[in-house]
Amino acid sequence: MLIIAFFAAHWYTSVLMQTFFLHRYAAHQMFTMSPRWEKFFYTLTFITQGSSFLSPRAYGIMHRLHHAHADTEADPHSPEFSKNLFDMMWKTRIYYNDILNNRDQIAARFKKGVPNWRFMERLGDRWLVRLGWMVAYTLIYVAFAPSFWFFLLLPVHFLMGPVHGAIINWYAHRYGYTNFAVNDTARNLLPFDFLMMGESYHNNHHKFGGRANFGGFRWHEFDPAYPLIRLLDKVGVIRLRTGRDEAYM
Ligand SMILES: [Zn+2]
Ligand SMILES: [Zn+2]
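Small disclaimer: the values here were computed from a predicted structure and weren't measured.

Trainee: Pulling in residues and values, what's your account of the coordination of the zinc ion (ligand 2)?
Mentor: Coordination of the zinc ion (ligand 2) by the protein involves His23 (NE2), His28 (NE2), His63 (NE2), His67 (NE2) and His205 (NE2), with metal-donor separations of 1.9 to 2.2 Å. Since its relative accessible area comes to 1%, His23 is described here as buried. Assessed through its relative accessible area of 1%, His205 is described here as buried.

Structure (structure tokens):
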């Protein structure tokens, strides 16, 4: 039971930080926060994503490119231009690493205002640090896994960030229903998003790239991250920006 709880905790905290900090803040700037809070959430992203820490700066820039060029050849990750899921993930990795190492040719407008805490960007990307997280996950399994079969879950822990990315970038661009006609293949993958903290409402999100609530267009579309964002806004941790639903950056 402890292992299932650990898996669930890792899954949900990791996807929460991806949607809250990397996606809605770093890429789309749906809200603002002070430099201190930014460092706090950087650290929380590092802890929750662990071995698969994604750079908020690289993620933000790459994701803006996705919105600008969704399902064209200039899209960093389009199922339309990939042979299969792994081919798409491999191309995404190349894009990501080029941005991370400043080898990209991406226009400056896509880079405006993305967070960039050098210390954490470097620390989270160190191989030794990633390896340390992997060892820690493995030790938890050694201590608490009821049988050897549970060790098959370990690769998901190791690659948690990219796994969440792949679910949306591949499956939510192929399967699901649409509320809106958009210029790309984005779909609402799950009618009730119990897995991805609102990220599943991808068709809604491609239609309204600056809207902090991903759900809310049908009675069953509940975005679990949104009430949390409202609460953080209310207590003054972040400040929600309004009136820019159509703008994705
Ligand atoms: Zn998309
Ligand atoms: Zn987006």
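So, next bit.
Trainee: Give a description of the coordination of the zinc ion (ligand 1) that names residues and reports values.
Mentor: The zinc ion (ligand 1) binds to the protein through His66 (NE2), His173 (NE2), His202 (NE2) and His206 (NE2); the donor distances cover 2.0 to 2.1 Å. Taken together, the four donor atoms coordinating the zinc ion (ligand 1) and their angles of 94 to 153° define a geometry best described as irregular. Donor residues for the zinc ion (ligand 1) sit on one chain with the sequence pattern H-x106-H-x28-H-x3-H. One end of the pair, His66, is in helix H3 (residues 56-69); the other, His173, is in the loop between helix H8 (160-171) and helix H9 (202-207), and 107 residues separate them in sequence.

Trainee: If you had to explain H3 to someone new, which residues and values would you point to?
Mentor: Since the α-helix advances by 3.6 residues per turn, residues separated by three or four positions end up pointing in the same direction. Between its first and last C-alpha, H3 extends 20 Å over 14 residues, near the 20 Å set by a 1.5 Å rise per residue. All of the buried residues along H3 are Pro56, Arg57, Ala58, Tyr59, Gly60, Ile61, Met62, His63, Arg64, Leu65, His66 and His67. Considering only its buried residues, H3 is in contact with helix H1 (2-27), helix H2 (35-49), helix H4 (85-100), helix H5 (118-125) and H9. A positive backbone phi angle near 60° is found at Asp71, which sits one or two residues after H3.

Trainee: Help me get a handle on the pattern of salt bridges, residues and values and all.
Mentor: For the structure shown, the criterion picks out five salt bridges. A salt bridge links Arg103 to Asp98, with the shortest nitrogen-to-oxygen separation between them at 3.1 Å. When the shortest N-O distance is used, the salt bridge between Asp104 and Lys111 registers 2.7 Å. Asp104 gets classed as buried once you look at its relative accessible area, which sits at 15%.

Trainee: Describe the environment of Ser147, naming the residues involved and giving the relevant values.
Mentor: For Ser147, the position within the fold is in the loop between helix H6 (127-144) and helix H7 (154-158). A sequence separation of 137 residues divides Ser147 from His10, and the C-alpha atoms of the two residues are 20 Å apart.

Trainee: Summarise unusual backbone geometry; cite the residues concerned and give the values.
Mentor: Glycine aside, negative phi is the norm for most residues, and most peptide bonds take the trans geometry. The residue Asp71 is not glycine, and still its phi comes out positive at about 60°. Structurally, Asp71 can be placed in the loop between H3 and H4. The phi angle at Met197 is positive, at roughly 55°, despite the residue not being glycine. Among the residues examined, Met197 registers a relative accessible area of 17% and is labelled buried.

Trainee: So what's going on with the side chain of His202? Residues and values would help.
Mentor: Following the sequence through the fold, His202 ends up in helix H9. Setting aside residues up to four positions removed in sequence, His202 forms contacts with His66, Ile168, Ala172, His173, Ala186, Arg187 and Asn188.

What counts and how
Each residue is numbered by its place in its chain's sequence as written, counting from 1. Working convention: letters from A go to chains and numbers from 1 go to ligands, in the order in which they are written. Whole-chain, interface and lining totals are the exception, using all residues; otherwise, since this is a predicted model, local features are given only for residues with pLDDT of at least 70 and side-chain atom pairs are given and counted only at 80 or more. Side-chain calculation: all heavy atoms of the structure are included, whereas hydrogens and water are not. Water is not part of the atom set, so a site may look incomplete; the donors themselves are N, O and S atoms within 2.8 Å of the metal, or 3.2 Å for Na, K and Ca. For the exposure calls, accessible area comes from a 1.4 Å probe over protein chains only, and a residue counts as buried if that area is under 20% of its type's maximum, exposed if over 50%, partly exposed in between. By the criteria applied here, four donors are tetrahedral when all angles lie between 85 and 135 degrees, four are square planar and six octahedral when opposite donors are over 155 degrees apart and every other angle lies between 65 and 115, and any other arrangement is irregular. Per the convention used, a helix needs a DSSP run of H or I reaching at least four residues, while a strand needs a run of E reaching at least two, with both numbered from the N terminus. Helix span, as expected, comes to 1.5 Å for every residue beyond the first. The contact rule is simple, with two residues in contact once any of their heavy atoms fall within 4.5 Å. Salt bridge, as applied in this entry: a Lys or Arg side-chain nitrogen positioned within 4 Å of an Asp or Glu carboxyl oxygen.

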